[in-house]
Amino acid sequence: MKLHQGQIAPDFKVQDIYGNPVSLADYRGKRVLLSFFRDVSCPFCNLRVRDLSKRREELEKMGLHMILFFESSAEVLNSSLLHKKASPIPLIGDPKKQVYGQYGIEASALKMMKTFFQSGAVSAMKEGATIEVPKTKDKSTMTLIPADFLIDTDQKIHTAHYGTHIRDHITITDLENFIKS
């Protein structure tokens, strides 16, 4: 079931890839970006993680906190140099997709294929995306579609952005507008 603007964001209690506890309730009073990604070998996801990591300090100074979910396990995420560089952003491995289910994240072969025709894998590679093959592999859902949620200081969903293809995330401009609102 998809979530909508104005709903209270479902709480979760998980551990990040370093074993630190992470709960949405701990972010009450703060603005939060929750992003749901595919696995660590997804070049589109890697490009987005790289971009968010580069802007982390700037976005945090503006008042935005990020929590990033992956369908890969903590072990696989820890084997990825790119993802380790995202620290101190909490990275959550959710291979059983429990939190994905709470937020209505979908899988769609049609939307996955749409990516290659509309936004193109080649263009992602030109932008510096990498395909990282981890030492340890997970069983991943190649058809998982990303989603982003902007959570306000009262833990209500300000924006629920469900991707229309595997490269579709909320824009940085929309993030900045949310922070300023």
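Residues numbered from 1 in each chain as written. Predicted model: local features only at pLDDT ≥ 70, side-chain atom pairs only at ≥ 80, totals over all residues. Heavy atoms only, no water.

A. The pairing of strand E3 (residues 31-36), seen in detail. Where burial is concerned, most of E3 is hidden: six out of the six residues are buried. Burial of E3 is two-sided: the residues Arg31, Leu33 and Ser35 facing one way and the residues Val32, Leu34 and Phe36 facing the other way are all buried. As judged from the six bridges shared by E3 and strand E4 (residues 64-70), these two strands associate in the parallel manner. Within E4, the residue paired with Leu34 across the bridge is Ile67. Tracing the backbone out of E3, into helix H1 (residues 43-62) and back to the parallel element E4 gives a crossover that is right-handed. Note that E3 and strand E6 (residues 147-151) share five bridges and pair antiparallel. Within E6, the position partnered with Leu34 by the bridge is Phe149. (Buried < 20%, exposed > 50% of the residue type's maximum accessible area, 1.4 Å probe, protein only. Helix = DSSP H or I, 4+ residues; strand = E, 2+ residues; numbered from the N terminus. Pairing = 2+ DSSP bridges. Right-handed = clockwise from strand over helix to strand, strands pointing away.)

B. Spotlight on the packing of aromatic side chains. Here the structure, examined in full by the defined rule, presents eight aromatic pairs. For the ring pair Phe36 and Phe149, a centre distance of 5.9 Å and an interplane angle of 90° mean the geometry is edge-to-face. On the criterion of sequence distance, the pair formed by Phe36 in strand E3 and Phe149 in strand E6 is long-range, its members being 113 residues apart. By relative accessible area, Phe149 is classed as buried at 0%. Linked through ring pairs, Phe12, Phe36, Phe69, Tyr100, Tyr103, Phe149 and Tyr162 together constitute an aromatic cluster. Residue placement shows Lys2 over the ring face of Tyr162; its charged tip is 4.9 Å from the ring centre. A cation over a ring is seen here: Arg31 above Phe178, with NZ or CZ 5.4 Å from the ring centre. (Phe/Tyr/Trp six-rings, centres within 6.5 Å; stacked < 30°, edge-to-face > 60°. Lys NZ or Arg CZ within 6 Å of the ring centre and 35° of its normal.)

C. Highlighting the pattern of salt bridges. Inspection of the entire model under this criterion finds six salt bridges. Across the pair Asp51 and Arg50 runs a salt bridge, and its minimum N-O distance is 3.2 Å. Judged by relative accessible area, Asp51 falls into the partly exposed class, the value being 30%. Residue classification places Arg50 among the partly exposed residues on the basis of a relative accessible area of 23%. A salt bridge links Glu176 to Arg55; the shortest N-O distance between them is 2.6 Å. Note that Glu176 is positioned in helix H7 (residues 172-180) and Arg55 in helix H1, a separation of 121 residues in sequence. Judged by its relative accessible area of 18%, Glu176 is buried. A single network of salt bridges, built from pairs that share partners, joins Arg55, Glu58 and Glu176. (Salt bridge = Lys/Arg side-chain N within 4 Å of Asp/Glu carboxyl O.)

D. Fine view of H7. By the burial criterion, the buried members of H7 are Ile172, Leu175, Glu176, Phe178 and Ile179. Projection of H7 onto a plane perpendicular to its axis shows the buried side chains occupying an angular sector of 160°, all on one side. (Arc of directions from axis to C-beta.)

E. Just the sheet that holds strand E5 (residues 91-93), in detail. Taken in spatial order, the five strands make up an open sheet running E5-E4-E3-E6-E7, and their pairing is mixed. Single-partner strands in this sheet number two, and they are E5 and strand E7 (157-162). Each neighbouring strand pair of the sheet contributes to a mean axis angle of 15°, computed without reference to strand direction. Sitting on the sheet, H1 touches E3, E4 and E6, and the angle it makes with E4 is about 155°. (Axes fitted to C-alpha atoms, helices over the stretch in contact; angles between N-to-C directions. Contact = heavy atoms within 4.5 Å.)

F. Summary view of the environment of Phe37. Within the secondary structure, Phe37 sits in the loop between E3 and H1. A relative accessible area of 0% places Phe37 in the buried class. Taking the C-alpha atoms as reference points, Phe37 and Val49, twelve residues apart in sequence, are found 9.1 Å from one another. When neighbours within four sequence positions are excluded, Phe37 is seen to be in contact with Cys45, Arg48, Val49, Leu52, Leu68, Phe69, Phe70, Glu71, Tyr100, Leu144 and His169.

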